[in-house]
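If you want the building blocks of each chain, they are given just below.
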Amino acid sequence: TQRRFQKIFEEAPPTKPSGGIARPEVFADMELKAKQLVQNIGYVGAGTVEYLYNAKNDEYFFLELNPRLQVEHPCTEGVTGVNLPATQLQVAMGIPLPSMPEVRRLYGIDEHDDTTVLDLDDPATKYREIKKHVLAARITAENPDEGFKPTSGKIERVSFQSTPAVWGYFSVGANGGVHEFADSQFGHLFATGEDREAARKSMVLALKELKVRG
């Protein structure tokens, strides 16, 4: 979900039946095309291939390749169990993806199993079934009376308590502030559940309990 060309809600996975809109077989093709793209250009490291998906006819269109981690990367981490910043550092150290314990677990291989070969170049290699859903909500400083334009100012207090279903982080605290030349986002909440509806309910409750004074 976007507002003023900026994402305010993100979620994973995007596939049915978890609650997403994409057919699993179409999403699998999107993943394959993304892998072929980065291989063809010789890209090494963490990155994000973005598509535009038409839910009416299940067509998708390439938008861009971001050569970095996205701010919403915890959504991917939440459903895969793979720490992306740590994975990025290991790639930079020259460690192959098939040798990383978290990646091997994602593909259903026991972390103590060092004999099974994980061939990520084989199209038949599939990761384990995703059995959870993650929703993210960006917390931003915006003025609704001016079309939600970014705003700045002092923040006196941020009150939020993480739970087993929802966690969050904030770049400002008590007696802090949002600078007029900085990005309007100063926090991020992530809710997890067995499906989209469970994650949504946890997110709604967390947003209701979040308090920001300034």
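Residues numbered from 1 in each chain as written. Predicted model: local features only at pLDDT ≥ 70, side-chain atom pairs only at ≥ 80, totals over all residues. Heavy atoms only, no water.

A. Broad picture of the overall build of the protein chain. The number of helices and strands found in the protein chain is 5 helices and 14 strands. Each principal axis of the C-alpha atoms in the protein chain carries an extent, and together these give about 55 × 40 × 35 Å. Sequence-distant contacts in the protein chain: of pairs separated by 6 or more residues, those separated by 24 or more amount to 55%. Counting every atom, the protein chain has about 13,400 Å² of accessible surface; 53% of that belongs to carbon and sulfur. Placing the 25 positive and 30 negative side-chain charges of the protein chain at their respective mean positions leaves the two points 6 Å apart. (Helix = DSSP H or I, 4+ residues; strand = E, 2+ residues; numbered from the N terminus. Contact = heavy atoms within 4.5 Å. Areas by Shrake-Rupley, 256 points an atom, 1.4 Å probe, with all protein chains shown as cover. Lys, Arg positive; Asp, Glu negative; His and termini not counted. Charge placed at Lys NZ, Arg CZ, Asp CG, Glu CD.)

B. Expanded view of the sheet that holds strand β13 (residues 185-193). Strand order in the open sheet formed by 4 strands is β3-β6-β13-β11, and the pairing between neighbours is antiparallel. In the strand order of this sheet, the two ends are held by β3 (9-12) and β11 (166-170), each with one partner. The average undirected angle you get between the axes of adjacent strands in this sheet is 15 degrees. One ladder, built from 5 bridges, connects β11 with β13; its direction is antiparallel. Note that in β13 the partner of Val166 across the bridge is Ala191. (Pairing = 2+ DSSP bridges. Axes fitted to C-alpha atoms, helices over the stretch in contact; angles between N-to-C directions.)

C. Structural context of helix α2 (residues 73-80). Most of α2 sits inside the fold, with 6 of its 8 residues counted as buried. For α2, the full list of buried residues reads His73, Pro74, Cys75, Glu77, Val79 and Thr80. Among the structural elements, β3, α3 (84-92), α4 (101-106), β6 (133-140), β11 and β13 are those in contact with the buried residues of α2. Gly81 sits one or two positions beyond α2 and adopts a positive phi of about 75 degrees. (Buried < 20%, exposed > 50% of the residue type's maximum accessible area, 1.4 Å probe, protein only.)

D. Molecular detail of the side chain of Asn66. Note on placement: Asn66 falls in strand β5 (residues 59-66). One polar contact links Asn66 to Glu50, side chain to side chain, over a distance of 3.0 Å. A polar contact of 3.5 Å, which involves the side chain of Asn66, links it to the side chain of Glu64. In this structure Asn66 touches Gly47, Thr48 and Glu50, once residues within four positions along its chain are discounted. (Polar contact = N/O pair within 3.5 Å; in protein donor to acceptor, adjacent residues only side chain to side chain.)

E. Focus on the pattern of salt bridges. By the definition in use, this model includes 10 salt bridges. In this structure, Arg196 engages Glu11 in a salt bridge whose closest nitrogen and oxygen atoms are separated by 2.7 Å. Of the two residues, Arg196 sits in helix α5 (residues 196-209) while Glu11 sits in strand β3, which places them 185 residues apart along the sequence. Given the relative accessible area of 33%, Arg196 is considered partly exposed. We classify Glu11 as partly exposed; its relative accessible area is 33%. Here the salt bridges share partners, and the residues they tie into one network are Lys7, Glu10, Glu50, Glu72 and Arg138. (Salt bridge = Lys/Arg side-chain N within 4 Å of Asp/Glu carboxyl O.)

F. Summary view of the pairing of β5. Bridge analysis of strand β4 (residues 48-54) against β5 gives 7 bridges, and the strand direction is antiparallel. Bridging from a neighbouring strand, Asn54 pairs with Glu59 of β5. Taken together, β4 and the strand that follows it, β5, pair antiparallel across an intervening segment of 4 residues, in which Asp58 is found at a positive phi of about 60 degrees.

G. Local environment of unusual backbone geometry. The linkage connecting Ala12 with the following residue, Pro13, adopts the cis geometry, with an omega of -5 degrees. With respect to the helices and strands, Pro13 occurs in the loop between β3 and α1 (24-40). A positive phi angle, near 60 degrees, is found at Asp58, a position not held by glycine. By the secondary structure assignment, Asp58 is in the loop between β4 and β5. In this model, Phe148 sits at a positive phi of 60 degrees, which is unusual for a non-glycine residue. Residue placement: Phe148 occurs in the loop between β7 (142-143) and β8 (149-150).

H. Layout of the packing of aromatic side chains. Taken as a whole and assessed by the stated rule, the structure comprises 6 aromatic pairs. Considering the side-chain rings of Tyr51 and Tyr60, the 5.1 Å spacing of their centres and the 85 degrees angle between planes classify their relative orientation as edge-to-face. Ring-pair connections join several aromatic residues into one group, and the members of that group are Trp167, Tyr169 and Phe190. (Phe/Tyr/Trp six-rings, centres within 6.5 Å; stacked < 30°, edge-to-face > 60°.)

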